[in-house]
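Below, each chain spelled out in residue letters.
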Amino acid sequence: MATINDNYLKLKAGYLFPEIARRVTAFAEANPNAKVIRLGIGDVTEPLPEACRTAMIQAVGEMGDRANFKGYGPEQGYAWLREKIAAHDFQSRGCDIDAAEIFISDGSKCDCGNILDIFGNNNSIAVTDPVYPVYVDTNVMAGHTGEANEKGEYGGLVYLPITAANHFTAEIPTQKVDLIYLCFPNNPTGATASKEHLQAWVNYARSHGSIIFFDAAYEAFITDPTIPHSIYEIEGARECAIEFRSFSKNAGFTGTRCALTVVPKALTAKAADGSDVELWKLWNRRQSTKFNGVSYIVQRGAEAVYTEAGQAQIKSLVNFYMENAAIIREQLTAAGITVYGGVNAPYVWLQTPNGLSSWDFFDKLLHTCNVVGTPGSGFGAAGEGYFRLSAFNSRENVEEAMKRITTAFKQ
């Protein structure tokens, strides 16, 4: 008889966002006339930039012409897109990243999980708490953890609490860890890391032979010019870091799917015999074996992000969502609710009012205000007592949601 991967049985009852969807669906069915406003998941609402749409339409036309038709593309992504990414996103910021070190993919969420394919099962792994659930759950699925305790913490993982006391930036661990997940601007807290903080992490990783998985999916929302957009702005990062980026939030590609992962060719890890192995070669082999690349049409759309028109349209989109974040911050603060984030990130992290637990506040917000957010405890034990609101929505919905919340919870 066929057997299953028993590691899946260690996963908690429901992945955070499906559980939210289940509760919202049950409420909507019981209250069909309620106008539910969703400020929960980080899905964008505004249309794709015109430059991207135009490029994709042109690419569709090319696919109807035998002379220009494209079949399987290079698994690593077309060179013309990787070259623009390297020049604009990295080299312009002084990062020593070559186009050959960039891999185009269908999502940074996928890559954050798939990267584990090229690492062994005996690595010690550090995650922040609260944390983007994908980092934890994919390690559970891969068999890198023990069972979860009553707090939902898995044995085998090193949890690094991020709290208001440390400005939601994890302190360097005292013990040695091999793989480190860092996300800045942070999901869910909206916190950012200074150059000095990231330098401390790079120094730690280099001294211990560790690898940093740096999730920069929200870098486009950084407004403070002193805050690094890439880990590779930090001296020595090429020797210890892999970076993940996405077109989902800045260009609205959540439903179109295009992202990238950077694996420097100087980056190595140890084989069982103690020899150094280039991770670029392993990731290239993994992608060539398990992935057929992102469609030509989508990559042409992503390329248009780097045109003059595309840059202007992306900036307008980012500014729109950040104006939403400012409204959320200002309105909640005026109502007496303590808030964090929302300045260099599209997420506002708030302290639940009246001592409510994260899920109790979720239910009260849904049933009283017909607004959906994300319970902080769903991101980890240290997220209890907090709640995440997303700025990804229409201006009308954001303003209406704040009116409802401030009326219900004004202190």
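Above this text you will find the structure in question.
Notes on the structure follow. (Residues numbered from 1 in each chain as written. Predicted model: local features only at pLDDT ≥ 70, side-chain atom pairs only at ≥ 80, totals over all residues. Heavy atoms only, no water.)

### Some points on the overall build of the chain
Put simply, the rule reads: Secondary structure is summarised from DSSP: a helix means a run of H or I of at least four residues, a strand means a run of E of at least two, and numbering begins at the N terminus for each. We compute the radius of gyration over the C-alpha atoms and compare it with the globule rule, which gives 2.2 Å times the number of residues raised to the power 0.38. Here's how the labels work: a residue is buried when its accessible area is under 20% of the maximum for its type, exposed when over 50%, partly exposed in between, all with a 1.4 Å probe on protein chains only. Residue exposure ignores everything except the shown protein chains as possible cover, and the areas themselves are Shrake-Rupley values with a 1.4 Å probe.
Of regular secondary structure, the chain possesses 11 helices and 15 strands. For 411 residues, the compact-globule estimate of 2.2 N^0.38 gives 22 Å, and the C-alpha radius of gyration of the chain, at 21 Å, lies within 12% of that figure. Taken along its principal axes, the extent of the C-alpha atoms in the chain is 60 × 55 × 55 Å. For the chain, with 411 residues in total, the buried portion stands at 54%. As displayed, the chain has an accessible area near 17,700 Å², and 50% of this comes from carbon and sulfur atoms.

### What to know about the environment of proline 264
Using the following cut-off: Contacts are residue-level and defined by heavy atoms, with any inter-residue pair within 4.5 Å sufficient.
Of note, proline 264 is situated in the loop between strand 8 (259-262) and strand 9 (268-270). The class for proline 264 is buried, based on a relative accessible area of 0%. Linking proline 264 and aspartate 96, residues 168 residues apart in sequence, is a C-alpha distance of 9.1 Å. Sequence-distant contacts of proline 264, that is, excluding residues within four places in its chain, are made with Glu101, Tyr232, Arg238, Ala241 and Trp280.

### Points about unusual backbone geometry
With glycine set apart, most residues show a phi of negative sign, and most peptide bonds adopt trans. The residue after phenylalanine 184, namely proline 185, is reached through a cis peptide bond having omega -10 degrees. Relative to the helices and strands, proline 185 is located in the loop between strand 5 (179-183) and helix 6 (195-208). The residue after asparagine 187, namely proline 188, is reached through a cis peptide bond having omega 25 degrees. When you line up the elements, proline 188 lands in the loop between strand 5 and helix 6. Not every positive phi belongs to a glycine, and asparagine 370 is a case in point at roughly 55 degrees. Take asparagine 370: it is sitting in the loop between helix 10 (358-369) and strand 13 (371-372).

### Looking at helix 9 (residues 308-334)
This is how the line gets drawn: The span one expects for a helix is its residue count, reduced by one, times 1.5 Å.
Here helix 9 is 27 residues long and its end C-alpha atoms lie 39 Å apart, about the 39 Å a rise of 1.5 Å per residue gives. Regarding helix 9, the residues found buried are Gly310, Ile314, Leu317, Val318, Tyr321, Met322, Asn324, Ala325, Ile327, Ile328 and Leu332. Looking at the packing, one finds that the buried side of helix 9 touches helix 2 (50-62), strand 11 (339-341), strand 12 (347-351), strand 15 (386-390) and helix 11 (395-409). Two residues or fewer past helix 9, glycine 336 is found with a positive phi of approximately 90 degrees.

### Observations regarding the sheet that holds strand 2 (residues 102-105)
Rules: Here a strand pair is declared whenever DSSP counts at least two bridges between the two strands. For helices, the fitted line uses only the C-alpha atoms of the stretch in contact; every axis is such a line through C-alpha atoms, and the angle between N-to-C directions lies from 0 to 180 degrees.
Pairing in this open sheet of 7 strands is mixed, and the strands run 2-8-7-6-5-3-4 from one edge to the other. If you trace the sheet from one side to the other, it starts and ends with strand 2 and strand 4 (157-161), each paired once. With strand direction ignored, the average angle separating the axes of adjacent strands in the sheet is 20 degrees. Bridge analysis of strand 5 against strand 6 (residues 211-215) gives 5 bridges, and the strand direction is parallel. Counted as the bridge partner of leucine 179 is isoleucine 211 from strand 6. On top of the sheet, helix 6 reaches strand 4, strand 5 and strand 6; it is set at about 150 degrees to strand 6, its chief contact.

### Here's the deal with the packing of helix 1 (residues 16-30) against helix 10
For the record, the criterion: It is the rotation of the near helix from the far one that decides the hand of a crossing: anticlockwise by less than a right angle makes it left-handed, clockwise makes it right-handed. Note that Gly is not counted as nonpolar here; it falls among the polar residues with everything else outside the nonpolar set of Ala, Val, Leu, Ile, Met, Phe, Trp, Tyr, Cys and Pro and the charged set of Asp, Glu, Lys and Arg.
Where helix 1 contacts helix 10, the two axes come as close as 11 Å, and the packing angle between them is 35 degrees. Judged by the sense of rotation from one axis to the other, the crossing of helix 1 with helix 10 is right-handed. Here Leu16, Glu19, Ile20, Arg23, Val24 and Phe27 of helix 1 come into contact with helix 10, specifically with Trp359, Phe362, Asp363, Leu366 and His367. Among the residues forming the contact of helix 1 with helix 10, the class breakdown is 7 nonpolar, 1 polar and 3 charged.

### Digging into the environment of proline 49
Examined against the element boundaries, proline 49 turns out to sit in the loop between strand 1 (37-38) and helix 2. In this structure proline 49 comes out as buried when scored by relative accessible area, which is 4%. When the C-alpha positions of proline 49 and isoleucine 314 are compared, they lie 6.9 Å apart, and in sequence the two are 265 residues distant. Excluding residues within four positions of it along the chain, proline 49 makes contact with Ala251, Gln313, Ile314 and Leu317.

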